[in-house]
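# Residue-level structure breakdown
Now for the letters of each chain:
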Amino acid sequence: MNAGILTRSIIPNRNKDMNPEINNILITGLPGCGKTTLFRHLVKELRHLEPVGFYTREIKEGGVRKGFTLNGLDGTGGLLAHVDLPGRFRVGRYGVDAAGFDNFIKCIPFSDPTTRLIMIDEIGKMECFSKRFITLISELLESKHLFIATVAMKGGGLIAEIKKRSDIELFEVTRKNQDNIIRQVLKLESTP
């Protein structure tokens, strides 16, 4: 497949064109492919819908990744993971602050009736240590809200399950196709 062309999941028994009943758009790709960069471009392009949600950002010290921060679309922040965090929740060398993450997402107005667009970066292994987050994602996928999220390419449990759903549109991003995906998602968002 040409890396410069939009790659799309082909789910059995689905038409090539997106079903207008589908409100869930998921973006996946290998680590470092630009999912968060693409996500932040989409947040900017869709700001007229006043999205709620969050994204993660690397913490670097001396050019070395030390952890990840949580960044609410409303300007709030928190710590997701760090090499110096102790505890039983770990992904590689990073300790994950699952309780802090629970408190962070509890303050985001996901269920507010005026919310039109929910955006989350990312549905990944670190985030899935939170039972509150797993429940939230399940509820969002069943809701009528337009939901755009990045999801880890690899992983079991929730990560694998949501990519198999028939009510999602799944895009795979590479460094070469980010612009195409942005255009495709924006086209889908504007479809009645």
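Below: a short report on this structure.

Calculation criteria
Residues numbered from 1 in each chain as written. Predicted model: local features only at pLDDT ≥ 70, side-chain atom pairs only at ≥ 80, totals over all residues. Heavy atoms only, no water. Phe/Tyr/Trp six-rings, centres within 6.5 Å; stacked < 30°, edge-to-face > 60°. Helix = DSSP H or I, 4+ residues; strand = E, 2+ residues; numbered from the N terminus. Buried < 20%, exposed > 50% of the residue type's maximum accessible area, 1.4 Å probe, protein only. Core = buried A, V, L, I, M, F, W, Y, C linked by side-chain atoms within 4.5 Å. Contact = heavy atoms within 4.5 Å. 1 Å grid on protein atoms, 1.4 Å probe; cavity = no way out; pocket = protein on both sides within 12 Å on 5 of 7 lines; lining within 4 Å. Points joined across faces, edges and corners; volume = space filled by probe spheres on them. Nonpolar A, V, L, I, M, F, W, Y, C, P; charged D, E, K, R; others polar. Axes fitted to C-alpha atoms, helices over the stretch in contact; angles between N-to-C directions. Parallel < 35°, antiparallel > 145°, perpendicular 65-115°, else oblique. Salt bridge = Lys/Arg side-chain N within 4 Å of Asp/Glu carboxyl O.

Moving on to the packing of aromatic side chains. Counting across every chain of the model gives six aromatic pairs. Between F89 and F129, the aromatic rings sit 5.0 Å apart at their centres with planes inclined by 50 degrees, giving tilted as the arrangement. Highlighted residues: F89 in the loop between β5 (77-82) and β6 (90-91) and F129 in the loop between β8 (117-123) and α3 (131-142), separated in sequence by 40 residues. F89 sits in the partly exposed class, given a relative accessible area of 22%. Taking relative accessible area as the criterion, F129 reaches 28% and is therefore assigned partly exposed. Pairwise contacts between aromatic rings join F54, F101, F104 and F133 into one cluster.

Quick look at the nonpolar core now. Among the nonpolar cores identified, the biggest contains 34 residues, and F54, F110, I120, I123, F133, I137 and F147 are the most heavily contacted of them. Ranked by the residues each element gives to this core, the list is headed by α3, at five residues. Residues within four places of F133 in sequence aside, it is in contact with F54, F101, I105, I120, E122, I123, E127 and C128. Counting 19 residues, the second-largest nonpolar core is a separate cluster that includes L38, L46, M119 and I181.

Quick look at the layout of surface pockets now. Its volume calculated, the largest pocket comes out at about 870 Å³. What lines the largest pocket is a set of 30 residues, and nearest its centre among them are P31, K35, R65, F68 and E122. Tallied by class, the residues present in the lining of the largest pocket amount to eleven nonpolar, eight polar and eleven charged.

When glycine is set aside, most residues are seen to have a negative phi, and most peptide bonds are trans. Phi at E50 is positive, roughly 50 degrees, even though this residue is not glycine. Tracing the backbone shows E50 in the loop between α1 (35-45) and β3 (52-61). Classification of E50 by relative accessible area gives exposed; the value is 63%.

With respect to the helices and strands, the residue L136 is situated in helix α3. Of the residues examined, L136 reaches a relative accessible area of 10% and is grouped as buried. Along the backbone, L136 and K106 are 30 residues apart, and their C-alpha atoms lie at a distance of 9.7 Å. Non-local contacts of L136, meaning those with residues more than four positions away in its chain, are made with I105 and F110.

Okay, the side chain of N71 next. Here N71 lies in strand β4 (residues 64-72). Exposure remark for N71: the relative accessible area of 15% places this residue in the buried category. Every residue in contact with N71, bar those within four places of it in the chain, is listed here: G53, F54, Y55, T56, R57, T76 and F104.

For the rest of this paragraph, the subject is the packing of helix α2 (residues 98-106) against α3. How two helices pack is summed up by the angle between their axes together with the distance between the axes. At a minimum axis distance of 8 Å, the contact between α2 and α3 shows a crossing angle of 40 degrees. Regarding the angle of α2 to α3, the classification is oblique. Along its contact with α2, which presents F101, D102, I105 and K106, the element α3 presents R132, F133 and L136. Looking at the contact of α2 with α3 residue by residue, the class counts come to four nonpolar, no polar and three charged.

Moving on, we get to the environment of M119. Here M119 lies in strand β8. Taking relative accessible area as the criterion, M119 reaches 0% and is therefore assigned buried. Once the C-alpha coordinates of M119 and L42 are considered, the two residues, 77 residues apart in sequence, prove to be 9.1 Å apart. Discounting chain neighbours no more than four positions away, the residues touching M119 are F39, L42, V43, L46, P51, V52, G53, F54, L73 and I148.

With that settled, consider the pattern of salt bridges. In this structure the tally under the stated criterion is five salt bridges. Across the salt bridge formed by E58 and K60, the nearest N and O atoms sit 3.6 Å from each other. Put simply, D167 and R165 hold a salt bridge, and the shortest N to O gap is 2.6 Å. Since its relative accessible area comes to 23%, D167 is described here as partly exposed. Through salt bridges with shared partners, one network takes in E58, K60 and R65.

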